[in-house]
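# Observations on the three-dimensional arrangement
Below are the chains, spelled out letter by letter.
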Amino acid sequence: MTIIEELRANRDLPDEKLTALLETEEWDSVLFAEADEVRRERYGDAVYIRGLIEFTNYCKNNCYYCGIRAGNQNVRRYRLTKEEILSCCAEGYALGFRTFVLQGGEDPYFTDDRICEIVSAIRAQYPACAITLSIGEKERESYQRYFDAGANRYLLRHETADEAHYRRLHPESMRLQHRKDCLFALKEIGYQVGSGFMVGSPYQTTANLISDLRFLQQLSPDMIGIGPYLTHAETPFAHFENGSFPLTLRLVAVLRLMFPYALIPATTALGTIHPQGRELGLKAGANVVMPNLSPVSVRKLYALYENKICTGDESAQCRSCLEQRVRQAGYRIVTAVGDVKRNGV
Ligand code: SAH
């Protein structure tokens, strides 16, 4: 049995074999083809779309890799009002979006009351849509309140599962254990949960990536989002290189074989590092795309990293551009709410 057959059959590999697989390009074409097969078995050629609304770039945290970190004085900060958010949803709904993802920095202005008010308003207007929050680490009670107000999915990448590596990416005030606890709390409350990590973040080793995969096995999230680390000049990591595109694709494929059920986005970061990044991500096992529904006036301001794609296009343009890209890659956008398929073949 080849290493790829073993990975596919067992949905797992011992650490040494995973290390070998991640560190060579030798298997890539076989790996991507197998990942695509597994994805087609479970999800056919469906690609789910999630409409991303980046509603605030204020953040109280100071993650060393992120362009909207509190310490960056050179970013114009913005917040969308509830009405603006609702009009993004309305535009998205008309374009066929049935999942709205509200993402932002950890912005104290958006108290639990304000988040609940926004979530309830969206829920009232779109009873059959999925509402996803991606607003960082909160206490369990807050997560419960958002859930009760109508949110049903939550994205919180663990970023790195290794303590020492986590310390090199975040200031002392942040704790990996708290982030992990948040993820388990979200699951217990009943959210569909997305987690993930950056590929090629500063100081990352292959052993760190394996810890990430092991942590995901423990968590068993519904969605797994990964993308290459991309540098931003206004951060302490300005002098680090971008993550590797081929390694990111390889990890997308490995994730598909380890987590056949998972929703795996071909992320904006993947599309930013390579002109065909998202298409190649889909061909390596990804099955979700998350185009931007934010007002064009603020898009450039939500700059987690540099050269982010799609910051000049209206939502409708993004939607039709993606439609074509997905079709050219050999798949089909579906507008269904797109729940995870845990019990497949
Ligand atoms: N405040 C929210 C949302 C964070 S932004 C939270 O804490 O979950 C969403 C994701 O963008 C992050 O989880 C991180 O993995 C990614 N990201 C941030 N900076 C990045 C960079 N420089 N390059 C690539 N991805 C980055």
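For the structure itself, look to the data block above.
Report follows, based on the coordinates.

Turning our eyes to something else, we now look at the side chain of Arg 69. Note on placement: Arg 69 falls in the loop between strand S2 (51-56) and helix H4 (82-94). It is Glu 234 that comes nearest to the buried, bridge-free Arg 69 among opposite-charge side chains, at 8.3 Å. Aside from chain neighbours lying at most four places away, what touches Arg 69 is Asn 61, Asn 62, Cys 63, Tyr 64, Arg 77, Glu 234, Thr 235 and Pro 236.

Residues in close proximity to the ligand total 18 residues, the closest being Tyr 65, Gly 104, Arg 157, Glu 159 and Leu 230. Gly 104 has a polar backbone atom sitting 2.9 Å from a nitrogen atom of the ligand. Arg 179 is positioned with one of its side-chain polar atoms (N or O) 3.2 Å from an oxygen atom of the ligand. Summarising the interface, the protein chains cover 91% of the accessible area of the ligand, which totals 550 Å² for the free molecule. In this structure, the ligand is accommodated by the largest cavity.

Reading across the sheet, the six strands line up as S2-S3-S4-S5-S6-S7 and stay open at both edges, with parallel pairing between neighbours. The sheet is open, and its two borders are formed by S2 and strand S7 (223-228), each paired with just one other strand. On average, each strand axis in the sheet is tilted by 20° relative to the strand beside it, whichever way the strands run. Alignment of strand S4 (residues 130-134) against strand S5 (residues 153-155), held across two bridges, turns out to be parallel.

Our next topic: the environment of Glu 279. Mapped onto the secondary structure, Glu 279 falls in helix H12 (residues 277-283). For Glu 279, a relative accessible area of 7% corresponds to the buried category. On a C-alpha basis, the gap between Glu 279 and Asn 307 in space is 18 Å, while along the polypeptide they are 28 residues apart. Beyond its immediate chain neighbours, meaning those up to four positions away, Glu 279 contacts Arg 325 and Ala 329.

Rules of the game
- Residues numbered from 1 in each chain as written.
- Predicted model: local features only at pLDDT ≥ 70, side-chain atom pairs only at ≥ 80, totals over all residues.
- Heavy atoms only, no water.
- Helix = DSSP H or I, 4+ residues; strand = E, 2+ residues; numbered from the N terminus.
- Buried < 20%, exposed > 50% of the residue type's maximum accessible area, 1.4 Å probe, protein only.
- Lys, Arg positive; Asp, Glu negative; His and termini not counted.
- Salt bridge = Lys/Arg side-chain N within 4 Å of Asp/Glu carboxyl O.
- Contact = heavy atoms within 4.5 Å.
- Near = heavy atom within 4 Å.
- Polar contact = N/O pair within 3.5 Å; in protein donor to acceptor, adjacent residues only side chain to side chain.
- Areas by Shrake-Rupley, 256 points an atom, 1.4 Å probe, with all protein chains shown as cover.
- 1 Å grid on protein atoms, 1.4 Å probe; cavity = no way out; pocket = protein on both sides within 12 Å on 5 of 7 lines; lining within 4 Å.
- Sits in = over half its atoms within 2 Å of the grid points.
- Pairing = 2+ DSSP bridges.
- Axes fitted to C-alpha atoms, helices over the stretch in contact; angles between N-to-C directions.

These results come straight from atomic positions and should not be treated as a statement about function.
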